[in-house]
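Coordinates in review
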Amino acid sequence: MITNEELSLTRDALKYALAKGASQVRLTLAKSKEDLVATLNGEVDRVTSCLDRSLSIALFVDGRFGSFSTNKITEDGLKDFIDKAIGMTRMLAPDQFRKLPALERCCSEAVTGNELGLVDPEYTNVSPEDRKRTALGASVYGKEGSEDCRIVSEEGEYSDSIYDTIILDSNGLECRHTENSFDYGVEVTVEHEGEKYSGYWWESSSRAGQLDLSSCGRKAFEKAVAQIDSDAMDSGKYNMVIDSEVASKVVSPLLAALSAYSIQQNNSFLIDSLGKRIFPEGLTIMDRPHIKGQTCSKLFDSEGVRTQEGPIIEKGVVKTYFVNTYMSGKLGMEPTVEEATRPCVLPWPVAGLDRDAILGKCSEGILVTDFNGGNCNSATGDFSYGVEGFYFKDGKIRQPVSGMVVTGNFLRLWSGLIAAGDDARPCMSKLIPTLAFADVDFSG
Amino acid sequence: MTDRFGLDSNQLQSIVAEGMRGGGDWCDLYFEDTSYCDLLLRDSEVSSGGFHVDYGCGIRVLKGDRTGYAYSETCDLPSLLGAARSAACIAQSGAQAGKAFAATPLRRPGNDFYPMKEDWRRADAASFVEMLRRLDADIRSRDSRVLKVVAMLSYSTSQILMYNSLGELTEDFRPLGSVSVTVVFKQGEQIEKNSVSRSLRMGSEMLSAEVFGDLASRAVAGLDERFAARRPKGGKMKVVMGAGASGILLHEAMGHAFEADFNRKGQSIFSDRMGSRICRKGINIIDDGTLCASRGAVNYDDEGVPGQKTYMVEDGVLSSYLHDRISARWFGVAPTGNGRRESFRYNPIPRMRATYMESGSDGTLQDLIGSVDKGIYVDQFSNGQVKIGEGDFTFYVKSGFLIEKGRLTMPVKDINIIGNGPQALADIEAVASDLRIDEGTWTCGKEQSVPVSCGIPSVLIKNLTVGGE
């Protein structure tokens, strides 16, 4: 997708920046195309076509660092842009720790961009009519619902896209990542006795042929209907089971707390945790960025550093921080990668548990199927989130729950881990299965 | 300004004609040239920063209520004609043509809501570096528990040109400056943090001693309480919301549900309730694009409609939704100037601007607190969210106090509050006379990010669910 002419302009920009006084330079050229058909109540509502291109430039000048970007990518325009960028960088304070990653840490295997098999040869054959047919074909408007539970609105969006990124730096790095994505999401709103309830479902794949839309609308409809007559339970401590669809909500803050940026700024509840058993033995999070054909797999991070397959947390022990080149210098730590690429929570205590099996194992509690706002204090790990879902007893769903808040601290929450399932959806960027925790504070 | 985008009026007409060629009943062009600059202070040095350029044109074609949209990052005629043809394909979707759009009312002379004495583009950025250093020193001098300070100054200017199939040409120049500060404190082994910000649509003169002094003061305010704060016992209780940032209640609980696209599609909990009483008499809720220098101010919205002040609730009765051109035509009313977008990459949709409630007549904040036997007082917030159909909203409270027998007692922090929009509106028991508009860096994330602001006088709500242990 990135043309030879655009690549040539980028290489020339790198040389120009060096000639104008930069000691090191990194350029990231990103290009993407997305075509989308949105439907409303079974009819085409919106058609969009997007083509984006941007060039990001990291400049290291006289021991100083600046970060710039533009989408005006012409030869003269770039020269003028780089002149101004170098001028601004010289205005900033020196920082001895700013430098490019050593070339031996960087990725040399990403040459064509398709090493991970994320480009679908069928992509270029998708026509506007195909998109329209796909979007309309997935609609369930007029097909689901009943007299006392009618669909008042169904909004669907089908899109296909391609992303192409090349990183070049003045150490000689040149790596490329290209990925297709085919996506469909649908929100159904139903009305029952004057009250409205909505449900959402989505599917995504890097292969057009693997995008199965046949049950999307029905799942969204069923999620909406399942909430009818929902209410808050009494406040108190409950087992909390979190559906795999939304379970990343309790994993993302852990990954953020392992970022060297957060640790250097004392804005992390996992300071001084490296190599220590902080979590229960049941928690293992692996980074698996090299799985071929899987969405979000990637061979390099935003610095061009080679990503690694390996443990982030293993049997409760923190095995790595995410330390980029800059933070490595600031903290005096060995560099790793900028962030987790494709984190995956492993099953525990046994493989093969799905949501129903975990409900049975917990017997009674609240199954959380969606979060409604809330936040986490990154310095302390204290959190409070709005939730909705279902009360379950004897392993069976009994009644829908809404209007409740779950409150706690992430270290305490994870210490109560009951089980991690084996049912993460492969289309998600974080492979987090259904999770279950004991004695969680719910307010309602 | 057409020079900036390299096109003359004949070429603008030819692009619109191309968009309309397939049978569309409306076409508009949105040209944008934005320059964004940021400077980051960390570890007492401004050692990173940069600028970013975003340039292009979005082309929208309407056929009835349906939208075709495409954009180009190069503004030469062939590229724009190609984008117009892509957008025009919506006309083949089988939609019925809509009623003709009426001419847009003219902006009143002098209605410039972005005061700018000093243009950011000509400002001396080196002086900003020094300002951030002084801010860092000021904050550190105020409390020995300050461990880390991260301060960011960001500013942007956007040159906007809009042209539509009525032949209306509109230009706008939009400055926006923001300073945000996060401070990490340490007391013994305990770590706490606080974040404050100011954001205004004005020139670089906004970087005054008053603004920096205010930020430094607020960054370290209430520290003893912050270290002493605990989680309250959760449950349903009376909530007193302090003036200013509590306006997030209006944004999440009501504002989104008043956006007309949700109502046009029948999704909002307020659909079909126009003209109904939704809260007690005397309450007025407004969405306002005319607050001078506010982050939510708009001289024109992103469809070329002049900024205006819209009463959503008048004397307790739902009186207007927030409209873009599509919904206004659908409801048969005039657009309210709420058609907004993140950038030329997005089609405009109904969005809030500065949303607030007018002052009431139920006394002061102390009167409200004094009337509560058991409840909670909240005054600092971060993110919020709403489910449009159900009306369930939530917002996160960074700090507040328990209220016991009419007095503030134990400080509280890090709790989520949840409620239902129509119920919360109906449950407002008292409104103080202390309206304040918050000037923080509020950004609304409905599909696209746009700057907004919010405000409210102190209010007492009968019953909300408060997270706790």
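Residues numbered from 1 in each chain as written. Chains lettered and ligands numbered in written order. Predicted model: local features only at pLDDT ≥ 70, side-chain atom pairs only at ≥ 80, totals over all residues.

1. Notes on the overall build of chain A
Of the regular secondary structure elements, chain A holds nine helices and 16 strands. In terms of overall size, chain A behaves like a compact globule, its C-alpha atoms giving a radius of gyration of 24 Å where 444 residues would be expected to give roughly 22 Å. If you line up chain A on its principal axes, its C-alpha atoms span 70 × 55 × 35 Å. (Helix = DSSP H or I, 4+ residues; strand = E, 2+ residues; numbered from the N terminus. Rg over C-alpha atoms; globule rule 2.2 N^0.38 Å.)

2. A word on the overall build of chain B
Looking only at helices and strands, one finds 10 helices and 22 strands in chain B. Over its C-alpha atoms chain B spans a radius of gyration of 24 Å, differing by no more than 12% from the 23 Å that the globule rule assigns to 469 residues. Principal axes of the C-alpha set define a box for chain B whose edges measure 70 × 55 × 40 Å. In chain B, which comprises 469 residues, the proportion classed as buried is 58%. For chain B, restricting intrachain contacts to residue pairs at least 6 apart in sequence, the fraction spanning at least 24 positions comes to 74%. (Buried ≥ 20, exposed ≤ 12 C-beta atoms within 10 Å, placed from the backbone. Contact = placed C-beta atoms within 7 Å.)

3. Considerations on unusual backbone geometry
Residues and elements named next belong to chain A. With an omega of 0°, the peptide bond running from Trp348 to Pro349 counts as cis. Residue Ser363 is not a glycine yet carries a positive backbone phi of 70°. Counting through the fold element by element, Ser363 comes out in the loop between helix H8 (355–362) and strand E12 (365–376). The class of Ser363 is exposed, set by 12 C-beta atoms lying within 10 Å.

4. Remarks on the domain arrangement of chain B
Residue and element names in this part refer to chain B. Under the domain assignment, chain B is made up of domain 1 (2–38 + 46–93), domain 2 (120–157 + 175–228) and domain 3 (235–466). For domain 2 and domain 3, the distance between their C-alpha centroids amounts to 27 Å. Taken residue by residue, the interface counts 13 residues in domain 2 and 11 residues in domain 3. For the side of domain 2 that touches domain 3, the secondary structure elements donating two or more residues are strand E5 (169–187), strand E6 (190–200) and helix H5 (223–228). Of the residues forming the side of domain 2 that touches domain 3, the biggest block, four residues, is contributed by E6. Of the residues assigned to the side of domain 2 that touches domain 3, the class counts are four nonpolar, five polar and four charged. (Domains from an automatic or database assignment. Nonpolar A, V, L, I, M, F, W, Y, C, P; charged D, E, K, R; others polar.)

5. Description of the pairing of strand E21 (residues 453–456) of chain B
Residues and elements named next belong to chain B. Every second residue of E21 is oriented toward a common face, with Ser453 and Gly455 on one face and Cys454 and Ile456 on the other, all of them buried. Pairing analysis gives three bridges linking strand E13 (residues 354–357) to E21, with the strands arranged parallel. Bridging from a neighbouring strand, Tyr356 pairs with Gly455 of E21. (Pairing = 2+ DSSP bridges.)

6. Points about the interface of chain A and chain B
Across the boundary between the two partners, chain A contributes 53 residues, which contact 62 residues of chain B. Element by element, the count of residues in the side of chain A that touches chain B is highest for strand E2 (residues 43–61) of chain A, at nine residues. Of the residues in the side of chain A that touches chain B, the class split is 17 nonpolar, 27 polar and nine charged. In the sheet, strand E3 (residues 64–70) of chain A pairs with strand E2 (residues 45–63) of chain B via two bridges, with the strands oriented parallel. Each bridged residue has a counterpart across the sheet, and for Thr70 of chain A the counterpart in E2 of chain B is Val53 of chain B.

7. Quick look at the domain arrangement of chain A
Residues and elements named next belong to chain A. Assigned domains within chain A: domain 1 (4–226) and domain 2 (236–443). Each of domain 1 and domain 2 has a C-alpha centre, and these two points are 25 Å apart. At the junction of the two partners, domain 1 supplies 25 residues and domain 2 supplies 18 residues. Among the elements of the structure, strand E4 (150–169), strand E5 (174–192) and strand E6 (195–205) are those that each provide at least two residues to the side of domain 1 that touches domain 2. Residue classes in the side of domain 1 that touches domain 2 are distributed as 12 nonpolar, six polar and seven charged.

8. What to know about the sheet that holds strand E8 (residues 285–288) of chain B
Note on sheets: strands pair through backbone hydrogen bonds, and any given pair is parallel or antiparallel. All names here are of chain B. Across the sheet, which stays open at both edges, the six strands sit in the order E10-E9-E8-E13-E21-E18 with mixed pairing between neighbours. The outermost strands of the open sheet, each flanked by one partner alone, are strand E10 (317–318) and strand E18 (436–438). Inspection of the sheet shows strand E9 (residues 309–314) paired to E10 by two bridges, in the antiparallel sense. Each residue of the ladder has a partner; that of Val313, found in E10, is Leu318.

9. Looking at the pairing of strand E16 (residues 407–420) of chain B
Residues and elements named next belong to chain B. Sheet analysis places strand E15 (residues 392–404) next to E16, joined by 11 bridges and oriented antiparallel. By the bridge assignment, Glu404 is partnered in E16 with Arg407. Counted between consecutive antiparallel strands, the loop separating E15 from E16 contains two residues, among which Lys405 sits at a positive phi close to 50°. Relative to strand E22 (residues 459–466), E16 runs antiparallel, the two being bridged by two bridges.

10. Side note on the sheet that holds strand E11 (residues 343–345) of chain A
Residue and element names in this part refer to chain A. The strand order E10-E9-E8-E11 describes an open sheet built from four strands, whose pairing is antiparallel. The strands lining the two open edges of the sheet, one partner per strand, are strand E10 (317–318) and E11. Two elements, strand E8 (residues 285–287) and E11, share three bridges in a ladder whose sense is antiparallel. The residue bridging Met286 from the neighbouring strand is Cys344, located in E11.

11. Quick word on helix H4 (residues 209–220) of chain B
Residue and element names in this part refer to chain B. For H4, built from 12 residues, the straight-helix expectation of 16 Å at 1.5 Å per residue is met to within 8% by its first-to-last C-alpha distance of 17 Å. Of all the positions in H4, only Phe212, Ala216, Ala219 and Val220 are classed as buried. When H4 is viewed along its axis, its buried side chains cluster within an angular range of 85° and face the same direction. Those residues of H4 that are buried lie in contact with helix H3 (125–142), E5, E6 and H5. (Expected span 1.5 Å × (residues − 1). Arc of directions from axis to C-beta.)

12. Concerning the confidence of the model for chain B
Summing up the model confidence of chain B, the mean pLDDT is 93 and the portion of residues at 70 or higher is 100%. Complex prediction metrics read pTM 0.94 and ipTM 0.92. (pLDDT = per-residue confidence, 0-100.)

13. Side note on the environment of Asp169 of chain A
Residues and elements named next belong to chain A. Mapped onto the secondary structure, Asp169 falls in strand E4. Distance from Asp169 to Ala256, taken between C-alpha atoms, is 27 Å for residues 87 residues apart in sequence. Excluding anything up to four places from it in sequence, Asp169 contacts Val25, Arg26, Leu100 and Gly304.

14. A short note on the environment of Tyr197 of chain A
Checked against the element boundaries, Tyr197 of chain A lands in strand E6. Look at Tyr197 of chain A and you get buried, because 24 C-beta atoms sit within 10 Å. Placed 77 residues apart in sequence, Tyr197 of chain A and Leu274 of chain A show a C-alpha to C-alpha distance of 45 Å. The residues touching Tyr197 of chain A, leaving out its near neighbours within four places in the chain, are Val190, His192, Ala224, Gln227 and Ile228 of chain A together with Gly389 and Glu390 of chain B.

15. Looking at the nonpolar core
Residues Ile57 and Leu59 of chain A together with Leu132 and Val239 of chain B are the most contacted members of the largest nonpolar core, which totals 208 residues. Other than its neighbours up to four places away in sequence, Ile57 of chain A contacts Ala17, Val25, Leu27, Phe68, Ser69, Ile82 and Ala85 of chain A. Listed in part, the 54 residues of the second largest apolar core include Val140 and Tyr158 of chain A together with Tyr69 and Ile160 of chain B. (Core = buried A, V, L, I, M, F, W, Y, C linked by C-beta atoms within 7 Å.)

16. As for the packing of H3 of chain B against H4 of chain B
Residue and element names in this part refer to chain B. Put simply, H3 and H4 touch, their axes get as near as 9 Å, and they point 35° apart. Where H3 crosses over H4, the handedness of that crossing is right-handed. Contact with H3, carried on its side by Met131, Leu135, Asp138, Ile139 and Arg142, involves Phe212, Leu215, Ala216, Ala219 and Val220 of H4 and no other residues of that element. (Axes fitted to C-alpha atoms, helices over the stretch in contact; angles between N-to-C directions. Left-handed = near helix turned anticlockwise from the far one by under 90°.)

17. Describing the environment of Met206 of chain B
Residue and element names in this part refer to chain B. Along the chain, Met206 falls in the loop between E6 and H4. Overall, the presence of 25 C-beta atoms within 10 Å leaves Met206 in the buried class. As a C-alpha pair, Met206 and Val179 span 27 residues in sequence and 9.9 Å in three-dimensional space.

18. Description of H3 of chain B
The end-to-end C-alpha separation of H3 of chain B is 26 Å, in line with the 26 Å expected for 18 residues at 1.5 Å each. Along H3 of chain B, the residues classified as buried are Phe128, Val129, Met131, Leu132, Leu135, Asp136 and Ile139 of chain B. With its buried residues spanning 160° around the axis, H3 of chain B presents them on a single face. Opposite the packed face of H3 of chain B, turned more than 90 degrees from it, sit the exposed residues Ala126, Ser127, Glu130 and Ser141 of chain B. Considering only its buried residues, H3 of chain B is in contact with helix H2 (75–91) of chain A together with strand E1 (26–42), E2, strand E4 (146–164), E5 and H4 of chain B.

19. Remarks on the packing of helix H1 (residues 4–19) of chain A against H2 of chain A
Residue and element names in this part refer to chain A. One can describe the packing of H1 onto H2 by two numbers: an axis separation of 10 Å at closest approach and a directional angle of 30°. In terms of their interaxial angle, H1 and H2 are classed as roughly parallel. Considering how the two elements wind past one another, H1 and H2 form a crossing that is right-handed. Touching Leu9, Asp12, Ala13, Tyr16 and Ala17 of H1 are Glu75, Leu78, Lys79 and Ile82, all from H2. Class assignment for the residues of the contact of H1 with H2 results in six nonpolar, no polar and three charged. (Parallel < 35°, antiparallel > 145°, perpendicular 65-115°, else oblique.)

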